[in-house]
Amino acid sequence: MAKEIWRPGNMLYPTPAVMVSCMREGEKPNIITVAWAGTICSDPAMLSISVRKERYSYDILKETGEFVVNLTSKKLARAADWCGVRSGREYDKFKEMNLTPLESQKISAPGIAESPVNIECKVKQSIDLGSHTIFIAEVMCVTVDDKLLDDKGRLDLGKAKLVAYSHGEYFMLGEKVGKFGYSVAKKGTAKKAKKKK
């Protein structure tokens, strides 16, 4: 198979397309769409987002040290794109996109009620890396749409129709191809799992 050599670039795709909500006290809440986001630690639960300094939300994040990562569903894809190309300096993004601020449990910044999963975060460290500053944050609380829970209370994120971002385009996550550990599972275990479906 032939390969081409390209210059260094951000090619780690797909990435989650998340809507990050933040707010200064006494001001309207804002939403910034972020594709540079990811899990960085399980205990304590931590994640990161990377934001350009010129973005309106940058100063809010630096000053408050709080934000909510709101997962994006197919229904929210248009709003996520719009919030990523419009500035909170000029628009009330919640109002323009008919979104509802959701009171958070552990922080002041609201989540987005229409999002299937809201992850409340407190910044522990920020590092200027060049074009972006990475905000490393601890997860303080997670709220989940109860429609995503099965009769045993287990989360089924497949029902959320989540959206990913890949090289300038949005895609809905699709067919399940396996689960954690399936490559080493005993054949009998895999057959039992199929029968349950």
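### Focus: helix α2 (residues 77–85)
Here α2 has its buried residues at A77, A79, A80, W82 and C83. Where the residues of α2 are buried, they touch β2 (18–22), β3 (30–34), α3 (93–96) and β11 (163–166).

### Concerning the side chain of S57
Looking at the element boundaries, S57 is found in helix α1 (residues 56–64). A residue is classified by how much of its surface remains accessible, and S57, at 2% relative accessible area, is buried. Look past the residues within four positions of S57 in its chain and what remains in contact with it is C22, N30 and I32.

### Digging into the sheet that holds strand β1 (residues 15–16)
Spatial ordering of the open sheet is given by β1-β11-β12, a layout of three strands whose pairing is antiparallel. Each of the sheet's edge strands pairs with one partner strand only, and the pair in question is β1 and β12 (169–172). Where β1 lies against β11, two bridges are found, and the strand directions are antiparallel. Considered in β11, the bridge of T15 is made with Y165.

### Regarding the environment of V18
Structurally, the position occupied by V18 is in strand β2. Sequence separation of V18 and K187 is 169 residues, and the distance between their C-alpha atoms is 37 Å. When near neighbours in sequence (up to four residues on either side) are disregarded, V18 contacts I32, T33, V34, A37, V69, N70, L71 and T72.

### Remarks on the pattern of salt bridges
Per the counting criterion, the structure on display carries six salt bridges. One salt bridge in this structure joins K53 and D128, with 2.9 Å as the shortest N-O distance. With K53 in the loop between β5 (45–52) and α1 and D128 in strand β9 (residues 117–128), the pair connects residues that are 75 residues apart, well separated along the chain. With a closest N to O distance of 3.0 Å, R154 and D150 form a salt bridge. Each of R24, E27 and E63 takes part in salt bridges that share partners, so that together they form one network.

### A look at the side chain of N70
Along the polypeptide, N70 turns up in strand β6 (residues 66–71). In this structure N70 comes out as buried when scored by relative accessible area, which is 0%. Of the polar contacts made by the side chain of N70, one reaches the side chain of S21; its length is 3.0 Å. Here the side chain of N70 touches N118 through a polar contact of 2.8 Å, side chain to side chain. For N70, the residues in contact, after removing those within four places along its chain, are V18, M19, V20, S21, G111, I112, S115, V117 and N118.

### Here's the deal with the nonpolar core
Core analysis: the biggest nonpolar cluster contains 24 residues, and I49, F67 and V69 have the highest contact counts within it. Elements that contribute at least two residues to this core include exactly β2, β3, β5, α1, β6, β9 and β10 (132–144). Sort the elements by how many residues they give to this core and α1 lands first, with four residues. One finds M19, A79, W82 and I112 within the second-largest nonpolar core, a separate group that totals eleven residues.

### Here's the deal with the sheet that holds β6
Spatially, the seven strands line up as an open sheet ordered β3-β2-β6-β9-β10-β5-β4, and their pairing is antiparallel. Each edge of the open sheet is held by one strand with a lone partner, namely β3 and β4 (37–42). Averaged over all pairs of adjacent strands, the angle between their axes in this sheet comes to 35°, without regard to strand direction. Looking at chain direction, β2 and β3 are connected through five bridges and run antiparallel.

### Describing the state of the cysteines
When the sulfur atoms of two cysteines share a covalent bond, that bond is a disulfide. Applying the stated criterion to the full structure yields zero disulfides. You can see C121 has no disulfide; the closest cysteine sulfur is in C141, sitting 10 Å from it. Of the residues examined, C121 reaches a relative accessible area of 0% and is grouped as buried. A residue is classified by how much of its surface remains accessible, and C141, at 17% relative accessible area, is buried.

Conventions and cut-offs
Each chain has its residues counted from 1, running along the sequence as written. The predicted origin of the model limits local features to residues at a pLDDT of at least 70 and limits the giving and counting of side-chain atom pairs to 80 or more, whereas totals for whole chains, interfaces and linings rest on all residues. For the side-chain quantities, the full set of heavy atoms in the structure was used; hydrogens and water were omitted. Note on classification: 1.4 Å probe, protein chains only; a residue is buried when its accessible area is under 20% of the maximum for its type, exposed when over 50%, partly exposed between these limits. Numbering of helices and strands runs from the N terminus, with a helix taken as a DSSP run of H or I at least four residues long and a strand as a DSSP run of E at least two residues long. Any two residues whose heavy atoms approach within 4.5 Å at even a single point are treated as in contact. By this definition, two strands are paired if DSSP reports at least two bridges between them. Salt bridge criterion: a side-chain nitrogen from Lys or Arg within 4 Å of a carboxyl oxygen from Asp or Glu. What qualifies as a polar contact is a pair of N or O atoms within 3.5 Å, subject to a donor-acceptor requirement within protein and to the restriction that residues adjacent in sequence count only when both atoms come from side chains. Put simply, buried Ala, Val, Leu, Ile, Met, Phe, Trp, Tyr and Cys residues joined by side-chain atoms within 4.5 Å make one nonpolar core. All axes here are fitted lines through C-alpha atoms, helices being fitted over the stretch that makes contact, and every angle between N-to-C directions spans 0 to 180 degrees. Disulfide: a pair of cysteine sulfur atoms within 2.5 Å of each other.

Functional significance is not addressed by these values, which are geometric in nature.
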